[in-house]
Amino acid sequence: MSYGLSRREFIAGIGVLATNSHLAAAPFQSSSMSETSLPTKSPFHISVINDEISQDFGHACEVASKQFGMGFIELRSMWNKNVVGMDANETAEALRLVKRNNLRVTDIASPLFKVDWPGAPESKFSEKRDQFNASFTFGQQDEVLEHSIALAKTFGTDRIRCFDFWRLEDQGPYRQAMNETLQKAAEKCGKNGLILVLENEHACNTATGAEAAKVLAGVPSRFFMLNWDPANAARRGEIPYPDAYALLPKDRIGHCHCKDVARKGSDYEWAAVGKGFIDWVGQFQALKRDGYRHAVSLETHWRGAGTPEASSVQSWAGMKEALQKAGAL
């Protein structure tokens, strides 16, 4: 695996996380927020995915806390390692940096189930390279889940992000088995006091709001919710708000990613938030109206400003403006 851990080291790391006393599982509370912190009247936990700023985790935390004024951060990859590929020492350092910057973690943005479904035709979306420094096989998914659970307890969050396998031309013959796999994983999370949130991802089997609604109906676990990503739905041709959002059971939205999409001929490309066609003001207003009180996390993806950090600075400006217009900041 690209992150430099052997299978034995990876499995051992799970045990170390679970037993190491200096990585206590009890959730921590941040101390007083910095003077640049966002107003507390927002109903949402305003956040950013750390590697959308930098692989230098300390710097990403400083930007999120001091420059953006956020109180929350979402963990995906750092120091060129996926979050579930970190060893105990790296995890301890990451926890120290989170605390030092008065941040709280929204969720562990794990790559769980972002693999091919076994026995099905290979997906054209199947990664031939690492994505966010993750390269795991289907056979390693139980270990990925175990490590994600340990990390969630360490960082004091109750949410783990997952997917539902690289997209198939016809997922019909495999959908029930996929749902059973998600149900089993969600129940395991539930036994640990956690929630599994499925991201609708344009390259995976649940890409749209319509597909997400069907999967939520097929996976009834109360520990299974949706990581709603309007931009990913847009990449599949949906109008995410208001059309796709109207299809979703509002009480099962457990996380939200914020990025934007622009049309490029007959195709789509990422855009800075506020420069694409997604109605983020309307979406934020609807989430607020419908009682959503979880994270809204900036996932820039657009790189038009040249670097992840510069692009995220511009996207955060657009996201902040939309939140203010929606009366959610």
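Everything here concerns the structure above.
Predicted model only: the values in this text are computed from it and were never measured. (Residues numbered from 1 in each chain as written. Predicted model: local features only at pLDDT ≥ 70, side-chain atom pairs only at ≥ 80, totals over all residues. Heavy atoms only, no water.)

J.: In this structure, what is going on with the packing of helix α3 (residues 88-100) against helix α4 (residues 141-155)? I would like to understand it.
T.: Two packed helices can be described by the angle between their axes and the distance between those axes. One way to put it is that α3 packs onto α4 with a least axis distance of 11 Å and a crossing angle of 35 degrees. For the element pair α3 and α4, the recorded crossing hand is right-handed. Counting all contacts with α3, which are made through Thr91, Ala94, Leu95 and Val98, the residues of α4 involved are Leu151, Thr154 and Phe155. (Axes fitted to C-alpha atoms, helices over the stretch in contact; angles between N-to-C directions. Helix = DSSP H or I, 4+ residues; strand = E, 2+ residues; numbered from the N terminus. Left-handed = near helix turned anticlockwise from the far one by under 90°. Contact = heavy atoms within 4.5 Å.)

J.: Just checking my understanding: could you explain the sheet that holds strand β6 (residues 159-162) for this structure?
T.: Strand-to-strand pairing in sheets goes through backbone hydrogen bonds, with the strands running parallel or antiparallel. Pairing is parallel across the open sheet formed by 8 strands, whose spatial order is β1-β12-β9-β8-β7-β6-β5-β2. Across the chains shown, the open sheet's two edge strands, defined by having one partner strand only, are β1 (45-48) and β2 (72-75). Taking the axes of each pair of neighbouring strands and ignoring which way they run, one obtains an average angle of 25 degrees across the sheet. Across 3 bridges, the pairing between β2 and strand β5 (residues 104-112) is parallel. Bridge pairing links Ile73 to Val105 in β5. Here helix α2 (residues 57-67) sits on the sheet in contact with β1 and β2, set at roughly 145 degrees to β2. Each of β8 (224-228), β9 (253-258) and β12 (295-298) touches helix α9 (residues 280-289); the most contacted strand, β9, lies at about 160 degrees to it. (Pairing = 2+ DSSP bridges.)

J.: Is there a simple way to think about the packing of α4 against helix α5 (residues 172-191) in this case?
T.: α5 packs onto α4 with a crossing angle of 30 degrees between their chain directions and a minimal axis gap of 11 Å. What the angle tells us is that α4 and α5 run roughly parallel. Note on packing geometry: the crossing formed by α4 with α5 is right-handed. On α5, the residues touching Leu145, Glu146 and Ile149 of α4 are Ala185, Lys188 and Cys189. Split by residue class, the contact of α4 with α5 holds 4 nonpolar, no polar and 2 charged. (Parallel < 35°, antiparallel > 145°, perpendicular 65-115°, else oblique. Nonpolar A, V, L, I, M, F, W, Y, C, P; charged D, E, K, R; others polar.)

J.: Honestly, the pattern of salt bridges in this entry has me stumped. Any pointers?
T.: Opposite charge on two side chains permits pairing when their charged atoms draw close. Applying the stated criterion across every chain yields a total of 19 salt bridges. Between Lys259 and Asp229 there is a salt bridge, with its nearest N and O atoms 2.4 Å apart. Of this pair, Lys259 sits in the loop between β9 and β10 (260-264) while Asp229 is found in the loop between β8 and α7 (230-234), placing the two residues 30 residues apart along the sequence. Each member of the pair, Lys259 as well as Asp229, is classed as buried. Residue Asp290 pairs with Arg289 through a salt bridge whose shortest N-O separation is 3.1 Å. For Arg289, a relative accessible area of 57% gives the class exposed. Counted as one network, the salt bridges with shared partners bring together Asp51, Glu52, Arg76, Asp229, Lys259, Glu299 and Arg303. (Salt bridge = Lys/Arg side-chain N within 4 Å of Asp/Glu carboxyl O. Buried < 20%, exposed > 50% of the residue type's maximum accessible area, 1.4 Å probe, protein only.)

J.: Looking at this model, I keep getting lost on α4. Mind explaining?
T.: Structural remark: α-helix, 3.6 residues per turn; residues separated by three or four positions point the same way. With 15 residues, α4 should reach 21 Å at 1.5 Å per residue; the first-to-last C-alpha distance of 21 Å fits that figure. Counting buried positions over the 15 residues of α4 gives 12, a clear majority of the element. Within α4 the residues assigned to the buried category are Gln141, Glu143, Val144, Leu145, His147, Ser148, Ile149, Ala150, Leu151, Ala152, Thr154 and Phe155. (Expected span 1.5 Å × (residues − 1).)

J.: Before we go on, may I ask you to explain α2 in this structure?
T.: Burial in α2 covers these residues: Phe57, Gly58, Ala60, Cys61, Val63, Ala64 and Ser65. Each element contacted by the buried residues of α2 is listed here: β1, β2, β3 (77-78), α3 and α10 (308-325). Sitting at the head of α2, Asp56 places a side-chain oxygen 3.3 Å from the backbone nitrogen of Gly58. Among the residues trailing α2, Gly69 stands out with phi positive, at a value near 75 degrees. (Polar contact = N/O pair within 3.5 Å; in protein donor to acceptor, adjacent residues only side chain to side chain.)

J.: Would you explain the side chain of Ser148 in this entry?
T.: Tracing the chain through its elements places Ser148 in helix α4. Residue classification places Ser148 among the buried positions, given a relative accessible area of 0%. In this structure, Ser148 is in contact with Val84, Ile108, Ser110 and Ile160, ignoring residues within four places of it in sequence.

J.: So what exactly am I meant to see when it comes to the environment of Gln141 here?
T.: Turning to its location among the elements, Gln141 is positioned in helix α4. Separated by 28 residues in sequence, Gln141 and Phe113 place their C-alpha atoms 6.6 Å apart. Every residue in contact with Gln141, bar those within four places of it in the chain, is listed here: Pro111, Leu112, Phe113, Val115 and Phe136. A polar atom in the side chain of Gln141 sits 2.7 Å from the backbone nitrogen of Phe113.

J.: Which parts of the structure should I look at to understand unusual backbone geometry?
T.: If a residue is not glycine, its phi is most likely negative; likewise, a peptide bond is most likely trans. Residue Pro242 is reached from Tyr241 by a cis peptide bond, and omega for that bond is 15 degrees. Looking at where Pro242 falls in the secondary structure, it is placed in helix α8 (residues 240-246). Phi at Trp79 is positive, roughly 50 degrees, even though this residue is not glycine. With respect to the helices, strands and loops of the structure, Trp79 is situated in the loop between β3 and β4 (81-82). Not every positive phi belongs to a glycine, and Phe113 is a case in point at roughly 65 degrees. Given the relative accessible area of 6%, Phe113 is considered buried.

Just distances and angles here, no functional claims.
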